[in-house]
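# Overview (structure and organization)
Now for the letters of each chain:
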Amino acid sequence: MPLEPTPAVLALHPSGDDAVELMLIQVTRFACGSLVVGFTTQHIVADGRFTNNFFLAWSQATRGAALDPVPVLDRESFFRPHDPPLVEFEHRGVEFKPYEKHVVESHAGDDEEVVVQKVHFSREFISRLKSQASAGLPRPYSTLQCVVAHLWRCMTTARGLGEGQSTSVCIAVDGRARMSPQVPDGYTGNVVLWARPTATAGELVAKPLQHAVGLINREVARINDGYFKSFIDFASSAAVEKERLVAAAEMVLSPNIEVDSWLRIPFYDLDFGGGRPFFFMPSYLPVLILLPSFVGDGSVDA
């Protein structure tokens, strides 16, 4: 399976041009008996966890197995805003921005060429990273935080950013386990907000790995139950419509990085009746995606 975005590989994905559907699926069968399932989905309504649950349910249905996790459609119970709203954090300029600014910036970066690289991190390398980043601490940092910190520093160096240039890494944070009461794993929808640790390029590169991991750890911890509920209250308030605010999510290019972690999403548990998939491959977008290597030995692909 080629890893570069060649025309042959891209042809395995359904085209999203002019699509109005929330999800497009294309199945390509080969004479040898293998098949590729390609999909394109609307991220506004489906995060990575739900996307995996959809395919897992589909594979269970093909085998006549019970759906696990059971799909949960009850949005109102988990995301009911306070009355009156209790907005404790600033969401303007973070998750929302003015419509006029959205119109001006919507085509930024159209002429940029995105270079796709794939990097494999062995279990031994990750262990050394975690040991280096967690030295002297009572509890080791997570694999996600250590690998992201390492790549953030490497990419900042490779981009040749000036010492005073500000750079941030936008990390998708799943709120299912962070909210109280917890949102079930089977919730059908999107429960993701972003943590945005920020530093100057000079600070990030000059200081040790532990500094970068600490920045990430603090910002991810900040996106907690209170932050999610503050976002729900603000998003449901009259301020969004009154101020003509729109979602601030957009393509993230240099000097910043967007990160999606699929390390805990069990894509390799899918079984449509012919066994587990040999290989799961994310799409070619300007996003840093981390997922378990198909080798299955605890190594990670970025």
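The structure contained in this document is the topic of the report that follows. Because the structure is predicted, anything quoted here is derived from the model rather than measured. (Residues numbered from 1 in each chain as written. Predicted model: local features only at pLDDT ≥ 70, side-chain atom pairs only at ≥ 80, totals over all residues. Heavy atoms only, no water.)

## Comments concerning the pairing of strand E9 (residues 257–261)
What counts, and what does not: Only protein chains enter the accessibility calculation, which uses a 1.4 Å probe; a residue is then buried when its area is under 20% of its type maximum, exposed when over 50%, and partly exposed in between. Secondary structure elements follow DSSP: runs of H or I no shorter than four residues count as helices, runs of E no shorter than two count as strands, and numbering proceeds from the N terminus. Strands qualify as paired when DSSP identifies two bridges or more between them.
Extensive coverage of E9 is indicated by the burial of four of its five residues. Of the pairings in the sheet, the one linking strand E5 (residues 166–174) to E9 comprises three bridges and is parallel in character. Paired with valine 169 across the strands is isoleucine 257, a residue of E9. In this structure, E9 lies alongside strand E10 (residues 288–292), joined through three bridges in parallel fashion. Bridge pairing links aspartate 260 to isoleucine 289 in E10.

## Considering the packing of aromatic side chains
Remark: the centre distance and the inter-plane angle together describe each pair of aromatic rings, the angle taken between the planes. Heads up, the rule is: Each Phe, Tyr or Trp ring, with Trp reduced to its six-membered ring, pairs with another whose centre is within 6.5 Å; inter-plane angles below 30 degrees give stacked pairs, above 60 give edge-to-face pairs, and intermediate values give tilted ones.
Throughout the structure, instances matching the rule amount to 16 aromatic pairs. A ring pair is formed by phenylalanine 39 and phenylalanine 55, whose centres lie 4.7 Å apart and whose planes are at 50 degrees; its orientation type is tilted. Residue phenylalanine 39 is located in strand E2 (residues 35–41), and its partner phenylalanine 55 is located in helix H2 (residues 48–62); the two are separated by 16 residues in the primary sequence. Accessibility expressed as a relative area gives 22% for phenylalanine 39, which makes it partly exposed. According to the relative accessible area criterion, phenylalanine 55 is buried, its value standing at 4%. Ring geometry for phenylalanine 54 versus phenylalanine 55: centroids 5.3 Å apart, planes at 85 degrees, classification edge-to-face. Among the residues examined, phenylalanine 54 registers a relative accessible area of 30% and is labelled partly exposed. Linked through ring pairs, Phe39, Phe54, Phe55, Trp58 and Phe272 together constitute an aromatic cluster.

## Some remarks on the packing of helix H5 (residues 123–133) against helix H6 (residues 143–158)
The condition that has to hold: Whenever a helix is involved, its axis is fitted only over the stretch in contact; in every case the axis is a line through C-alpha atoms, and angles between N-to-C directions fall within 0 to 180 degrees. Roughly parallel means an angle under 35 degrees; roughly antiparallel means over 145; roughly perpendicular covers 65 to 115; every other angle is labelled oblique. Pairs of residues are marked as contacts when any of their non-hydrogen atoms sit within 4.5 Å. Each residue receives one of three labels: charged for Asp, Glu, Lys and Arg, nonpolar for Ala, Val, Leu, Ile, Met, Phe, Trp, Tyr, Cys and Pro, and polar for the others, Gly being one of them.
Where H5 meets H6, the closest approach of the two axes is 9 Å, and the angle between their N-to-C directions is 90 degrees. By the angle class used here, H5 and H6 are roughly perpendicular. Across the interface between the two elements, Phe125, Ile126, Leu129, Lys130 and Ala133 of H5 pack against Thr143, Cys146, Val147 and His150 of H6. Partitioning the contact of H5 with H6 into residue classes produces six nonpolar, two polar and one charged.

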